[in-house]
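# Architecture at a glance
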Amino acid sequence: MIMAMEKAGSAEPAKVLAELPKIRFAGVTGEIGFDAKGDVLGGAITLYRVKAGKWEVVETVMSGAAPNK
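Keep in mind it's a predicted model, so treat the numbers as computed, not measured. (Residues numbered from 1 in each chain as written. Predicted model: local features only at pLDDT ≥ 70, side-chain atom pairs only at ≥ 80, totals over all residues. Heavy atoms only, no water.)

Now for the overall build of the protein. When you go through the protein residue by residue, the secondary structure sums to 2 helices and 4 strands. When the elements of the protein are put in sequence order from the N terminus, they spell out α-α-β-β-β-β. For 69 residues, the compact-globule estimate of 2.2 N^0.38 gives 11 Å, and the C-alpha radius of gyration of the protein, at 16 Å, exceeds that figure by more than 25%. Overall size of the protein, expressed as C-alpha extent along the three principal axes, is 50 × 25 × 20 Å. Looking at the protein as a whole, 16% of its 69 residues qualify as buried. About 5300 Å² of surface is accessible on the protein, with carbon and sulfur atoms providing 60% of the total. A gap of 5 Å separates the mean positions of the 9 positive and 8 negative side-chain charges of the protein. (Helix = DSSP H or I, 4+ residues; strand = E, 2+ residues; numbered from the N terminus. Rg over C-alpha atoms; globule rule 2.2 N^0.38 Å. Buried < 20%, exposed > 50% of the residue type's maximum accessible area, 1.4 Å probe, protein only. Areas by Shrake-Rupley, 256 points an atom, 1.4 Å probe, with all protein chains shown as cover. Lys, Arg positive; Asp, Glu negative; His and termini not counted. Charge placed at Lys NZ, Arg CZ, Asp CG, Glu CD.)

Below, the structure is given as structure tokens:
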């Protein structure tokens, strides 16, 4: 978000959102990028539940697109 604000020269949501799809950087899990709605490309969410006092993975859901290189 900070990178997009700096590129936009503003913290105005519409201007920041316009810059997000242009942002790409290397994160600890791989390349990070954003789509036109500001959603993370190639992102994943893991759902857990506690069963018998232990965390158990229910499902990992991946977004449909990965960042372009």
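Bringing the side chain of Glu-19 into the picture now. Counting through the fold element by element, Glu-19 comes out in helix α2 (residues 13-19). In this structure, Glu-19 is in contact with Ala-4, Lys-7 and Ala-8, ignoring residues within four places of it in sequence. (Contact = heavy atoms within 4.5 Å.)

Examined bridge by bridge, strand β3 (residues 44-51) and strand β4 (residues 54-62) share 8 bridges and lie antiparallel to one another. Residue pairing in the sheet places Tyr-48 in a bridge with Val-57 of β4. Following β3, the chain reverses through 2 residues before pairing antiparallel with β4; Ala-52 in that reversal takes a positive phi of roughly 55 degrees. (Pairing = 2+ DSSP bridges.)

What follows is about the nonpolar core. Among the nonpolar cores identified, the biggest contains 6 residues, and these are Ala-4, Val-16, Leu-20, Ile-23, Ile-32 and Phe-34. Dropping the residues within four chain positions of it, Ile-23 is found in contact with Met-3, Ala-4, Lys-7, Ile-32, Gly-33 and Phe-34. (Core = buried A, V, L, I, M, F, W, Y, C linked by side-chain atoms within 4.5 Å.)

Take the packing of aromatic side chains next. In total, this model carries 1 aromatic pair according to the counting rule given. When the ring of Tyr-48 is compared with that of Trp-55, the centres are 6.1 Å apart and the planes differ by 90 degrees; the resulting orientation is edge-to-face. The exposure class of Trp-55 is exposed, given its relative accessible area of 67%. (Phe/Tyr/Trp six-rings, centres within 6.5 Å; stacked < 30°, edge-to-face > 60°.)

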